[in-house]
Structures are given as structure tokens and as C-alpha cells.
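# Close look at the chain arrangement
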Amino acid sequence: MSALLAGLVDDAGLFPPTALPPAGAVARHRRDRATAHPMHTLRLLVPVARLAEIRAELRPDDRLALGLIADAAGPGDPGERLRAALATVAADDRLETALIEAPLAAFGGDPATAVPAVLAATAGAGAPVFLEPAAPSGIGALLAAVRGTLGVGAKLRCGGVRAELFPSPAEAAYFVTACARAGVPFKATAGLHHAVRHRDPDTGFTHHGYLNLLLAAALAAAGPGDPAPVLRALETTDAETLARELAALSGPAVAAARTLLVSYGSCSTRTPVSEARTLLDAA
């Protein structure tokens, strides 16, 4: 289980619902780096438009690994803004670009033109690039556009501040299975606030669970031709079932699952750790 969960959680503290201010996000990330829990990637996810705010909070002795996220905010071409941000990080000894995320919607949406634009902006960055289709159903066109390209993965949006940002289990299963078939890794973002699929009583939104997604990745990697087991894993709301099936995975199955699912962004860095400990200790 330690191998399954190792380096799973990216720090998305800047994002809702936690939405820490830059000073709070850097302070929490600094504490997490000092603790270095094995579940944490120790990457701070930062939109290009907020890079200057984060840099303003750094100490001379800070060393941060960033997941730099292209966005549509700001004037001019998003590729130029991304390229400039990468140059800024490269020139700052306190920072490194560990990975790059790019929503294709910021680059026009059509993978045929958006993917080349992102790859041109990130050429020479030396970091993997994860591309987010405008909707999970667009994963086929994205995978076709990146076929044969090294260092490129996909990104699955699992939720957000509006109901339509939450993909159904069937949509998520289609995405995960398509990535497994193509041999393309993916990471996930938004909505994965807890370990197991659940309904939030405050918003009414039904959230995917990060353990559901891990099991889905393991099943997709083991049998990329059949989406039915992947769908069942994503629909499961029973914590004991999920924990038991995950605990039964072989070493090669765990490795395949984590090769497919690289990480996910969580606005809380404490909750994933505490829930995993509680649920998996009971398995």
C-alpha cells in the first residue's frame, strides 16, 4: 500500500474550496516539505497568473518544485505567458518546474491546434506536460493529437465549483480506459476531496474519491479493453470494498496503476493522509 500511495498528492492549496492566500499557501507548503510525508509529491500547483504572488512570499533559502499551470487569465497569447513563466522559474534558484499543466480551452480548445501550441510553448522546459481536454469526452481527440509524443500526459478534471464540472462515472471511466489503451499517463484535478465517492451535503455535488480513481487506474492498466470493471470501481461508495481490493493488488499491478495515474491535486494536504491511514489500516 505504501507504493500505491507514494507521491500521490500534489499541493493545490491555492485553489477552491480551500483557496489559501499566497502567504498561507507558501507557509503550509513549507511545513509540508519539512515533514515530507510519503503521500505528498512536494509539488506546489501554481497558475501562471499567480507566479509573481508566490515568488513574493519566498525566502532566500526556499526550494520549491512547481506544477506550473497555463491559464487564460491575462492579456496576450497564453503560450507566450506560459513561455515567460517558464523562463522566470528557470532564472530563480529557489524554484524548479517539476511539471506543466495546460487546459486546452486556454489555447482554443481544438486539440489539433491547441496541442502543438502548448508543446511549442513548453519546448525545452525539461518537464512533463499534462494536457486537459475541454471535457473528458474529448480525450480521444487529445490522444490522437499527442500520439508518439514523449513526455506528454493527460489531465482529468473531476469536479469544481459548478455541477457540470463533475464528470459522471461513465465519463471518467471512458477517460481512464482511453489513456490505458493508449499508454498515456494522466493526472487528476479538482473535486477529489475525500478517499471514497460521496455526496457533499452542503453543495449537493457527488464527488469522486481518490481511492476509487486509484482502483480504476489499476483495473484499466490490467485490462485496457474492458471499461466495465473501471466503471464499477468509480461507482463504488463502500470504503471497505475499495480498501480491500486495493490492498490485494500485486506489486506489478500497483506499479502499473501508478504509471497510469501519476498524481492528483488536493486543496487539502492533510485530509488525504488521514483518510488513507484510517481506511487502509482497517482493510
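Preceding this paragraph is the structure being described.
Residues numbered from 1 in each chain as written. Predicted model: local features only at pLDDT ≥ 70, side-chain atom pairs only at ≥ 80, totals over all residues. Heavy atoms only, no water.

Turning our eyes to something else, we now look at the environment of Val48. If you trace the backbone, Val48 turns up in the loop between strand 2 (40–47) and helix 3 (51–56). A C-alpha to C-alpha distance of 35 Å links Val48 and Pro227, two positions 179 residues apart in sequence. For Val48, the contacting residues outside a window of four places in its chain are Leu68, Ile69, Ala70, Asp71, Arg81, Leu82 and Ala85. (Helix = DSSP H or I, 4+ residues; strand = E, 2+ residues; numbered from the N terminus. Contact = heavy atoms within 4.5 Å.)

Attention shifts here to the packing of aromatic side chains. Here a ring pair, both rings aromatic, is described through the centre-centre distance and the interplanar angle of the planes. Taken as a whole and judged by the stated rule, the model has 3 aromatic pairs. Considering the side-chain rings of Phe166 and Phe205, the 5.0 Å spacing of their centres and the 45° angle between planes classify their relative orientation as tilted. Of this pair, Phe166 sits in the loop between strand 6 (152–157) and helix 7 (169–182) while Phe205 is found in the loop between strand 8 (198–199) and strand 9 (206–207), placing the two residues 39 residues apart along the sequence. With a relative accessible area of 11%, Phe166 lands in the buried category. Judged by centre distance (5.4 Å) and plane angle (20°), the ring pair of Tyr210 and Tyr264 falls under stacked. With Tyr210 in helix 8 (residues 210–222) and Tyr264 in strand 10 (residues 261–266), the pair connects residues that are 54 residues apart, well separated along the chain. Here Tyr210 and Tyr264 have matching classes, each one buried. (Phe/Tyr/Trp six-rings, centres within 6.5 Å; stacked < 30°, edge-to-face > 60°. Buried < 20%, exposed > 50% of the residue type's maximum accessible area, 1.4 Å probe, protein only.)

Before going further, it helps to spend a moment on the sheet that holds strand 6. What holds strands together in a sheet is hydrogen bonding between their backbones, with the strands either parallel or antiparallel. The strand order 1-2-3-4-5-6-7-10 describes a closed barrel built from 8 strands, whose pairing is parallel. Between one strand axis and the next, the sheet turns by 30° as a mean value, whatever way the strands run. Both strand 1 (residues 9–11) and strand 10 contribute to a ladder of 3 bridges, which runs parallel. Residue pairing across strands places Asp11 opposite Ser266, the latter belonging to strand 10. The sheet contacts of helix 2 (residues 22–35) involve strand 1, strand 2, strand 3 (64–69) and strand 10, and relative to strand 2 the element is tilted by about 160°. (Pairing = 2+ DSSP bridges. Axes fitted to C-alpha atoms, helices over the stretch in contact; angles between N-to-C directions.)

What follows is about the side chain of Arg197. Mapped onto the fold, Arg197 is located in the loop between strand 7 (186–189) and strand 8. At 7.1 Å, Glu235 is the nearest oppositely charged side chain to Arg197, a buried residue that forms no salt bridge. Reaching out from Arg197, the side chain makes a polar contact with the side chain of His208 at a distance of 3.5 Å. Not counting the four nearest positions on each side in its chain, Arg197 is found in contact with Pro169, Thr206, His207, His208, Gly209, Asn212, Leu234, Glu235, Thr236 and Thr237. (Lys, Arg positive; Asp, Glu negative; His and termini not counted. Salt bridge = Lys/Arg side-chain N within 4 Å of Asp/Glu carboxyl O. Polar contact = N/O pair within 3.5 Å; in protein donor to acceptor, adjacent residues only side chain to side chain.)

Next up on the list: the packing of helix 8 against helix 10 (residues 239–247). Where helix 8 meets helix 10, the axes come as close as 10 Å, and the angle between the chain directions of the two elements is 40°. In this view, helix 8 runs oblique relative to helix 10, as classed from their interaxial angle. Helix-helix and strand crossings are classified by hand; for helix 8 and helix 10 the assignment is left-handed. In contact with Leu211, Asn212, Leu214 and Leu215 of helix 8, helix 10 contributes Leu242, Glu245 and Leu246. Taken together, the residues of the contact of helix 8 with helix 10 break down into 5 nonpolar, 1 polar and 1 charged. (Parallel < 35°, antiparallel > 145°, perpendicular 65-115°, else oblique. Left-handed = near helix turned anticlockwise from the far one by under 90°. Nonpolar A, V, L, I, M, F, W, Y, C, P; charged D, E, K, R; others polar.)

Glancing now at the pairing of strand 2. Burial of strand 2 is extensive: 7 of the 8 residues sit out of reach of the surface. The pairing of strand 1 with strand 2 spans 2 bridges and is classified as parallel. Paired with Asp11 across the two strands is Leu44, which belongs to strand 2. Following the backbone out of strand 1, through helix 2 and into the adjacent parallel strand 2, one traces a crossover that is right-handed. Pairing of strand 2 with strand 3 involves 5 bridges; the strand directions are parallel. Counted as the bridge partner of Leu44 is Leu66 from strand 3. With helix 3 bridging strand 2 and its parallel neighbour strand 3, the resulting β-α-β unit is right-handed. (Right-handed = clockwise from strand over helix to strand, strands pointing away.)

Let us now look at the environment of Val176. With respect to the helices and strands, the residue Val176 is situated in helix 7. For Val176, a relative accessible area of 0% translates into the label buried. Spatially, the C-alpha atoms of Val176 and Phe186 are 8.0 Å apart, while their sequence positions differ by 10 residues. Once residues lying within four places of it in the same chain are set aside, the contact partners of Val176 are Leu156, Phe186, Leu213, Ala216, Ala217, Ala220, Val230 and Leu260.

Let us look at the nonpolar core. Formed by 77 residues in total, the largest nonpolar core has its most connected members in Leu82, Leu131, Phe186 and Leu213. Residues within four places of Leu82 in sequence aside, it is in contact with Val48, Leu68, Ala70, Ile100, Phe107, Ala121 and Thr122. (Core = buried A, V, L, I, M, F, W, Y, C linked by side-chain atoms within 4.5 Å.)

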